[in-house]
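Here is how the chains run, residue by residue.
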Amino acid sequence: GAGVSQSPSNKVTEKGKDVELRCDPISGHTALYWYRQSLGQGLEFLIYFQGNSAPDKSGLPSDRFSAERTGGSVSTLTIQRTQQEDSAVYLCASSLEPAPDRGNTIYFGEGSWLTVV
Amino acid sequence: TQLLEQSPQFLSIQEGENLTVYCNSSSVFSSLQWYRQEPGEGPVLLVTVVTGGEVKKLKRLTFQFGDARKDSSLHITAAQPGDTGLYLCAGARSNDYKLSFGAGTTVTVRA
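Everything numeric in this text was worked out from a predicted model, so none of it was measured. (Residues numbered from 1 in each chain as written. Chains lettered and ligands numbered in written order. Predicted model: local features only at pLDDT ≥ 70, side-chain atom pairs only at ≥ 80, totals over all residues. Heavy atoms only, no water.)

**Regarding the interface of chain A and chain B**
Much of the literature gives interface size as the accessible area that the parts lose upon coming together.
Point 1. On the chain B side, the residues contacting the 23 residues of chain A number 26 residues.
Point 2. Carbon and sulfur atoms supply 55% of the area that chain A and chain B bury against each other, a total of about 1,800 Å² over both sides.
Point 3. Across the chain A-chain B interface, the total number found is one salt bridge.
Point 4. Between Asp-56 of chain A and Lys-98 of chain B there is a salt bridge; the shortest N-O distance is 3.5 Å.
Point 5. Across the contact surface, chain A and chain B share five residue pairs in polar contact (both at pLDDT 80 or more).
Point 6. The set of elements that each furnish at least two residues to the side of chain A that touches chain B consists of β4 (31-37) and β5 (43-50) of chain A.
Point 7. In terms of residue class, the side of chain A that touches chain B is made up of eleven nonpolar, eight polar and four charged. (Contact = heavy atoms within 4.5 Å. Buried area = accessible area lost by both parts, 1.4 Å probe. Salt bridge = Lys/Arg side-chain N within 4 Å of Asp/Glu carboxyl O. Polar contact = N/O pair within 3.5 Å; in protein donor to acceptor, adjacent residues only side chain to side chain. Helix = DSSP H or I, 4+ residues; strand = E, 2+ residues; numbered from the N terminus. Nonpolar A, V, L, I, M, F, W, Y, C, P; charged D, E, K, R; others polar.)

Shown next, in the form of structure tokens:
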């Protein structure tokens with residue numbers, strides 16, 4: 001498709017299990033972002049990839065969270081030993097270039113709704 | 001603590017009425033964006049404002065960036081049910097790719 005594609009759209013997992021969330025950015029977009037959206041709160045930055053540069057992992061909430069981007073395209077966000085507070089919508093986004101302050105549009109996927117029970 | 005505070009948190013109005021959503025911060029941003037998000041979907045960019053005092057119009061939507069680039073407002077004239085959704089403001093600092101989001105304003109327009 002033409003947009004950012006995420007899978008799964010919904011995931012229910014038991015506390016303590018690992019989960020993997022996948023993101024397919026728009027073709028040609030070099031910048032890829034992961035955000036988390038919890039109920040009643042705004043989007044929280046998690047991690048950023050730009051081309052072949054080292055990712056900015058400064059937003060990852062704990063060492064249980066990790067992400068990789070293979071071949072400058074598909075990205076996977078992994079949460080190990082899930083906790084109930086990890087329940088949220090995980091949104092992936094991509095843009096042609098970074099720096100939204102220069103007018104580059106960020107396109108979001110529909111998100112992966114994670115519920116930890 | 002949210003870097004950007006949005007108000008009100010919820011807004012329910014009748015079709016044809018006007019509404020204003022506010023986005024305030026103590027921080028200065030080089031640009032501010034407004035998004036609309038519908039249930040089960042990701043946020044969609046409505047507008048980016050970059051100059052202090054800037055006003056942008058998008059059909060019935062008017063966006064304003066404060067002179068000091070710390071606040072913004074979104075005004076909808078003659079709201080329609082199709083305007084229903086979660087409105088998010090997001091600020092970007094100069095040369096920073098990370099956006100700081102407000103918690104959002106849920107707007108419901110009743111037919």
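**Thoughts on the state of the cysteines**
Residues and elements named next belong to chain A.
Point 1. Counted by the stated rule, this structure contains two disulfides over all chains.
Point 2. With its sulfur 1.9 Å from that of its partner, Cys-23 forms a disulfide with Cys-92. An S-S torsion of about -65° defines the bridge between Cys-23 and Cys-92 as left-handed. Within this pair, whereas Cys-23 is found in strand β3 (residues 19-24), its partner Cys-92 is found in strand β8 (residues 88-95), the two being separated by 69 residues in sequence. Of the two residues, Cys-23 and Cys-92, both sit in the buried class. (Disulfide = S-S within 2.5 Å. Buried < 20%, exposed > 50% of the residue type's maximum accessible area, 1.4 Å probe, protein only.)

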